[in-house]
Amino acid sequence: MGTRMYGDFATDAKKKSQRKKSKKSTSGKLGVRFCGSQRFSLTNDSFELFDKYIGRRADEMELRKLLEKFFTNSGELRRSVIKKVLHQICQMKKCLLDLDEYRFYSSSILIIYEGMLRGDKSSSSNFSFTENSMDCENFMEMESLGSEECESVKHTHVEENSLVKIKMIDFANVSFPTLHNDQVMHEGPDRGFLMGLDSLYEILESLVEEDIFQ
């Protein structure tokens, strides 16, 4: 997430390398880059993996296709899953707006959702809920949004009771607020990370809207 991938105390060589990666990928323009995914394919009865190098080479359209593929399961785009992700992006953005001076350089967002639909007869008979790759029982229910920005998403009809979580991860290069006012390194919230959230929101929202009208 963000347009900058190096910390405050990175070497000149590291800065040059990360700036090059950002400029050549969607990070520079959108503030977000695909860093890999794992998705269970019912057709192949196995996990489908994409690594970070695919994301580095992807342009805006390819990024959209990668996200669309990740959220496609059982032969259809999981709109209800995407809508829940949109809920949580709004919550995350609201929290980040209140974090003055913090910078989450090179941090990422992890998105997890339950791919198997209950009662899905097309599912492999050898792939049971007890053998699934994630423990759904520990997922918490969604909290209601407090932002008018997300009201339209909040009341959207949900097709199925999908279990979804998004988390911020990778904090090795985070910049924290300084202890003394005369040593302030950054002001305001992390605009780069927020830019990435906005871009991700727009892409996912457009996927849902496009699927509805097809």
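All residue numbers here refer to positions counted from 1 along the written sequence of the relevant chain. Local features in this predicted model are restricted to residues whose pLDDT is 70 or higher, and side-chain atom pairs enter the listing and the counts only when it is 80 or higher, whereas totals over whole chains, interfaces and linings include all residues. Only hydrogens and water are set aside when side-chain values are computed; all heavy atoms of the structure are taken into account.

Draft legend 1. Structural view of the environment of D51. Here D51 is to be found in the loop between β2 (46-50) and α3 (52-57). The rule is simple: take the accessible area with a 1.4 Å probe, protein chains only, and divide by the maximum for that residue type; under 20% is buried, over 50% is exposed, in between is partly exposed. Overall, the relative accessible area of 40% leaves D51 in the partly exposed class. For the pair formed by D51 and G36, sequence separation is 15 residues and the distance between their alpha carbons is 4.3 Å. Excluding residues within four positions of it along the chain, D51 makes contact with F34, C35 and G36. Looking at D51, its side chain comes within polar contact range of the main-chain nitrogen of Y53, at 3.1 Å. In this structure the side chain of D51 is engaged in a polar contact, spanning 3.3 Å, whose partner is the backbone nitrogen of I54. A helix here means a DSSP run of H or I that spans at least four residues, while a strand means a run of E at least two residues long, and both kinds are numbered starting from the N terminus. In what follows, a contact means two residues having at least one pair of non-hydrogen atoms within 4.5 Å. For the purposes of these results, a polar contact is taken to be a pair of N or O atoms within 3.5 Å, where, inside protein, one atom must be able to donate a hydrogen and its partner to accept one; residues adjacent in sequence count only when each atom of the pair is a side-chain atom.

Draft legend 2. Layout of the pattern of salt bridges. Any carboxyl oxygen of Asp or Glu within 4 Å of a side-chain nitrogen of Lys or Arg constitutes a salt bridge here. For the structure on display, the rule yields seven salt bridges. Of the charged contacts, one joins E48 and R39 as a salt bridge, the two residues approaching to 2.9 Å between their closest N and O atoms. This pair shows no difference in class: E48 is buried, exactly as R39 is.

Draft legend 3. How the structure looks around unusual backbone geometry. Positive phi, close to 55°, is recorded for D45, a residue that is not glycine. Along the chain, D45 turns up in the loop between β1 (37-41) and β2. Of the residues examined, D45 reaches a relative accessible area of 38% and is grouped as partly exposed. Of note, D170 is a non-glycine position whose phi angle comes to about 65°, a positive value. Here D170 shows up in the loop between β7 (164-169) and β8 (173-175).

Draft legend 4. Structural detail: the pairing of β1. Across the five residues of β1, four count as buried, placing the element largely inside the fold. Sheet topology note: the β1/β2 ladder contains five bridges and is antiparallel. Its bridge partner lying in β2, Q38 is registered against L49. Pairing between two strands requires that DSSP report at least two bridges joining them. Counting the residues between successive antiparallel strands, the hairpin from β1 to β2 contains four residues, one of them, D45, with a positive phi of roughly 55°.

Draft legend 5. Region of the structure containing the nonpolar core. For this analysis, a nonpolar core means a set of buried residues of the types Ala, Val, Leu, Ile, Met, Phe, Trp, Tyr and Cys, connected via side-chain atoms within 4.5 Å. One finds F71, L197 and L204 to be the most contacted residues of the largest nonpolar core, which totals 35 residues. Broken down by secondary-structure element, the contributors of at least two residues to this core are α4 (60-70), α5 (79-97), β6 (108-113), β7 and α7 (191-212). Element by element, the count of residues in this core is highest for α7, at nine residues. Each residue touching L197, except ones within four places of it in the same chain, is listed here: M1, I89, M92, K93, L96 and I109.

Draft legend 6. Layout of the confidence of the model for the chain. Each residue gets a pLDDT score, which is the predictor's confidence in that residue and runs from 0 to 100. Put simply, the chain has an average pLDDT of 81, and 76% of its residues get 70 or more. Across residues 151-161, where pLDDT falls below 50, the model places 18 contacts with residues more than four positions away in sequence or in other chains.

Draft legend 7. Spotlight on the packing of aromatic side chains. Working definition: rings of Phe, Tyr and Trp (its six-membered ring) pair if their centres are within 6.5 Å, and the pair is stacked with planes under 30 degrees apart, edge-to-face with planes over 60 apart, and tilted otherwise. Enumeration over the complete set of coordinates arrives at eight aromatic pairs. Taking 6.4 Å as the distance between ring centres and 70° as the angle between the ring planes, the aromatic pair formed by F104 and F171 counts as edge-to-face. One end of the pair, F104, is in strand β5 (residues 103-105); the other, F171, is in the loop between β7 and β8, and 67 residues separate them in sequence. Assessed through its relative accessible area of 9%, F104 is described here as buried. Residues F104 and F193 carry aromatic rings whose centres are separated by 6.0 Å and whose planes lie at 70° to one another, so their mutual orientation is edge-to-face. On the criterion of sequence distance, the pair formed by F104 in strand β5 and F193 in helix α7 is long-range, its members being 89 residues apart. Residues F104 and F193 agree in their burial class; the two are buried. Grouping aromatic residues by their ring pairs yields a cluster made of Y102, F104, F171, F176 and F193. It is R4 that lies over the ring of Y105; its NZ or CZ is 3.9 Å from the centre. Either the NZ atom of lysine or the CZ atom of arginine qualifies as a charge over a ring when it sits within 6 Å of the ring centre and within 35 degrees of the ring normal.

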